Amino acid sequence: MSWIFFAIISYFFSALSQIVDKILLRARLPSSATYAFYTGISSILVIILLPFGVSFLPFSVLLLALLSGIVFVPAIYLLFISLRRCDVSRIVPIIGGAIPIFLLLISFVWSGQLLGARQLIAVLLFVVGGLILTIESEHSNLSDSFVAHILGVKGKRLKICNYETGKGIIVAMCSAFFFALTYFLSKQVYEFSTPFLSEFFWIRIGSVLSTLCMLLIPIIRQEIFATTYTISKSSASIIFGNKVIGAGGFFFLNISFSVASNQNYIVIINAMKGLEHFFIFIFSFFLTIFFPHLLYEEFDYHSIILKLAGITFIGFGFIYLI
């Protein structure tokens, strides 16, 4: 069960990194492509592992590791697009809830693996809890939505994104698919008996290669170059520090993948992303109360109840898991 401990640490750092992502994308770096580029290229920092015995992998394992890193870049690019459209505490849980579903489908198609009854119940509780954490309401002259009516939130509609909700959710689903694919491929790499540090190193090198390929697309290249000149030194320092935080979370996530015994546990680990949603809610609430100039999200009596309900589901998920 050590993978649970590493997963919890990972989601704490990931939640903190995503809150900073939202602040940067809203106030300092309005280009999703530019932020995705520098997030991906920061994977080059993995070279610090070279003195610790990193080596080449067998050719088939190397290709699988590189592919895992390559598909990570479109995942984060689409994530940042959805973060610009939607509130971080609402769209991230949707992505997190979709990832284990895509993982279940990919695992079934690949090897026919299915979860046990208790594992499946835990996954469902994690996913439902995470999705409940996305629910928010807004004033509207339209009729109440069904869930808003059940909750007794009169004259309000439930919302997820600030604008173009449909497009925001579609982008989020595409991001979730690519995240699920990179996590699945990562576990396939870790199934081999090759050293973990070497496997992790080449996965991150794959992300660097994929990031550099973004420069081959003229529109994205122009956007990256044009936005880069507008980045202040203070923003660059924050971006770098945040990438270190994000890298730490990703490293612990990969350790949990590595020590998990099979692909079924990768589904559970990703379902535990509901815990990340809990951390995001705490960080968002704290900043809204004490530092609204950095990040402000609407919280009222009904939204607090919904958040607590989501957290309760996640708690029961841990009970079934343990």
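What counts and what doesn't
- Residues numbered from 1 in each chain as written.
- Predicted model: local features only at pLDDT ≥ 70, side-chain atom pairs only at ≥ 80, totals over all residues.
- Heavy atoms only, no water.
- Helix = DSSP H or I, 4+ residues; strand = E, 2+ residues; numbered from the N terminus.
- Buried < 20%, exposed > 50% of the residue type's maximum accessible area, 1.4 Å probe, protein only.
- Contact = heavy atoms within 4.5 Å.
- Areas by Shrake-Rupley, 256 points an atom, 1.4 Å probe, with all protein chains shown as cover.
- Axes fitted to C-alpha atoms, helices over the stretch in contact; angles between N-to-C directions.
- Parallel < 35°, antiparallel > 145°, perpendicular 65-115°, else oblique.
- Nonpolar A, V, L, I, M, F, W, Y, C, P; charged D, E, K, R; others polar.
- 1 Å grid on protein atoms, 1.4 Å probe; cavity = no way out; pocket = protein on both sides within 12 Å on 5 of 7 lines; lining within 4 Å.
- Points joined across faces, edges and corners; volume = space filled by probe spheres on them.
- Left-handed = near helix turned anticlockwise from the far one by under 90°.
- Patch = residues over 30% accessible without salt bridge, like charges linked within 9 Å, V, L, I, M, F, W, Y side chains within 5 Å.
- Salt bridge = Lys/Arg side-chain N within 4 Å of Asp/Glu carboxyl O.
- pLDDT = per-residue confidence, 0-100.
- Core = buried A, V, L, I, M, F, W, Y, C linked by side-chain atoms within 4.5 Å.
- Expected span 1.5 Å × (residues − 1).

### Regarding the overall build of the protein chain
Along the protein chain, the regular secondary structure elements total 14 helices and two strands. Here the protein chain holds 322 residues, and the buried ones make up 53% of them. Looking at the protein chain alone, contacts between residues at least 24 apart form 83% of all its contacts between residues at least 6 apart. Carbon and sulfur atoms provide 74% of the accessible area of the protein chain, an area that totals close to 14,400 Å².

### Here we look at the packing of helix 3 (residues 59-70) against helix 4 (residues 72-85)
Interhelical geometry of helix 3 versus helix 4 gives an angle of 10° and a closest axis separation of 4 Å. In terms of orientation, helix 3 lies roughly parallel with respect to helix 4. Judged by residue contacts, S68, G69 and I70 of helix 3 engage F72, V73 and P74 from helix 4. The class makeup of the residues in the contact of helix 3 with helix 4 is four nonpolar, two polar and no charged.

### Some remarks on the side chain of T182
Looking at where T182 falls in the secondary structure, it is placed in helix 8 (residues 165-190). The class of T182 is buried, set by a relative accessible area of 1%. Apart from the residues within four sequence positions on either side, T182 is in contact with S68, G69, V71 and F72.

### Quick word on the layout of surface pockets
In this structure, the largest pocket spans a volume of roughly 750 Å³. Residue lining of the largest pocket: 35 residues in total, with K243, G246, A247, G248 and F250 positioned closest to the centre. Residue assignment for the lining of the largest pocket shows that the elements contributing at least two residues are helix 1 (2-28), helix 4, helix 5 (88-111), helix 8, helix 9 (196-213), helix 11 (233-259) and helix 13 (273-290). Per element, the largest residue contribution to the lining of the largest pocket is nine residues, and it comes from helix 11. Space inside the second largest pocket adds up to approximately 170 Å³. What lines the second largest pocket is a set of 10 residues, and nearest its centre among them are Y38, A236, I239, F240 and K243. Elements with a contribution of two residues or more to the lining of the second largest pocket: helix 2 (32-41) and helix 11.

### What about the packing of helix 3 against helix 9?
It is the contact of helix 3 with helix 9, at a shortest axis distance of 6 Å, that shows an interaxial angle of 50°. With respect to helix 9, the axis of helix 3 lies oblique. Both helix 3 and helix 9 take part in a crossing whose hand is right-handed. Side by side, helix 3 and helix 9 meet where L62, A65, L66, S68, G69 and I70 of the first sit next to E199, W202, I203, I205, G206, S207, L209 and S210 of the second.

### Some thoughts on a nonpolar patch on the surface
Where nonpolar side chains cluster on the molecular surface, the patch consists of I44, L45, I47, I48, L50, F240 and V244 and spans about 630 Å² of accessible area. Tracing the backbone through its elements, the reader meets F240 in helix 11.

### With respect to the pattern of salt bridges
The tally for this structure, following the rule as stated, stands at one salt bridge. The partner of E191 in a salt bridge is K187, and the shortest N-O contact between them spans 3.7 Å.

### Some details on the side chain of S82
You can see S82 is positioned in helix 4. In this structure, S82 is in contact with I91, I95, G168, V171 and A172, ignoring residues within four places of it in sequence.

### Comments concerning the confidence of the model for the protein chain
Residues of the protein chain with pLDDT of at least 70 account for 79%, and the chain-wide mean is 77. Considering only residues more than four positions removed or in separate chains, one finds that residues 138-155, a stretch of pLDDT under 50, has 30 contacts.

### What about the nonpolar core?
Within the largest apolar cluster, 80 residues are counted, with the highest numbers of intra-cluster contacts made by I99, F179, Y183, W202, I269 and M272. Discounting chain neighbours no more than four positions away, the residues touching F179 are F72, A75, I76, L79, I95 and I99.

### A few points about helix 4
Relative to the 20 Å expected for 14 residues at 1.5 Å per residue, helix 4 spans 21 Å between its end C-alpha atoms, a close match to the ideal helical length. Here helix 4 lies mainly inside the structure; 11 of its 14 residues are buried. All of the buried residues along helix 4 are F72, V73, A75, I76, L78, L79, F80, I81, S82, L83 and R85.

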